[in-house]
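Residue-level listing of the chains:
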Amino acid sequence: QVQLVESGGGLVQAGGSLRLSCAASGRTFSSYTMGWFRQAPGKEREFVGTIKWSGTTTYYANSVKGRFTISRDKATLYPQMNSLKLEDTAVYYCGAAPSYRTGRNAYEYSYWGQGTQVTVSS
């Protein structure tokens, strides 16, 4: 079992920055691919980015590439979100998938956190 708890969401103006956190506990994290997804009202859960827990390999959706950066520190995952846009407004979820997965699809994930709301205002 892996437990994931997100935090750091809130209200930010367009163009601003926000740093989320995902604290992981439970099984050995090095065997997982970790990822961030988001879901806006009325829309499907959308891939944001992924990182291999055992390394530094990252992959980002085109919509956030160059603005978002995912890093990790021991048992915590951090997406740094810069130059935020109105369309970044969503509930953000972190997830854990088996290490052999690409982590780019929601169905690959075995564990999810409860989500944290990010609202970008004009």
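Residues numbered from 1 in each chain as written. Predicted model: local features only at pLDDT ≥ 70, side-chain atom pairs only at ≥ 80, totals over all residues. Heavy atoms only, no water.

### Focus on the packing of aromatic side chains
Then comes step 1: Tallied over the full model, the rule gives 6 aromatic pairs.
Then comes step 2: For the ring pair Phe37 and Trp112, a centre distance of 5.3 Å and an interplane angle of 85° mean the geometry is edge-to-face. In this pair, Phe37 is assigned in strand β5 (residues 32–39) and Trp112 in strand β11 (residues 111–112), connecting sequence segments 75 residues apart.
Then comes step 3: Between the aromatic rings of Tyr109 and Trp112, the centroid separation amounts to 5.0 Å while the plane-to-plane angle is 35°, which identifies the pairing as tilted.
Then comes step 4: Accessibility expressed as a relative area gives 8% for Tyr109, which makes it buried.
Then comes step 5: By relative accessible area, which is 29% here, Trp112 ends up partly exposed. (Phe/Tyr/Trp six-rings, centres within 6.5 Å; stacked < 30°, edge-to-face > 60°. Helix = DSSP H or I, 4+ residues; strand = E, 2+ residues; numbered from the N terminus. Buried < 20%, exposed > 50% of the residue type's maximum accessible area, 1.4 Å probe, protein only.)

### Here we look at unusual backbone geometry
Then comes step 1: Positioned with a positive phi, Ser83 is a non-glycine residue whose angle comes to about 50°.
Then comes step 2: Relative to the assigned elements, Ser83 resides in the loop between β9 (76–81) and β10 (90–98).
Then comes step 3: Classification of Ser83 as partly exposed rests on a relative accessible area of 40%.

### Here we look at the state of the cysteines
Then comes step 1: All told, the structure shown has 1 disulfide when counted by the stated rule.
Then comes step 2: Disulfide pairing places Cys22 opposite Cys94 at an S-S distance of 2.0 Å. Classification of the bridge connecting Cys22 and Cys94 rests on its S-S torsion, roughly 55°, and on that basis the disulfide is right-handed. Remark: Cys94 occurs in strand β10 and Cys22 occurs in strand β4 (residues 21–26); sequence separation between them is 72 residues. As far as the burial class goes, Cys22 and Cys94 line up, both buried. (Disulfide = S-S within 2.5 Å.)

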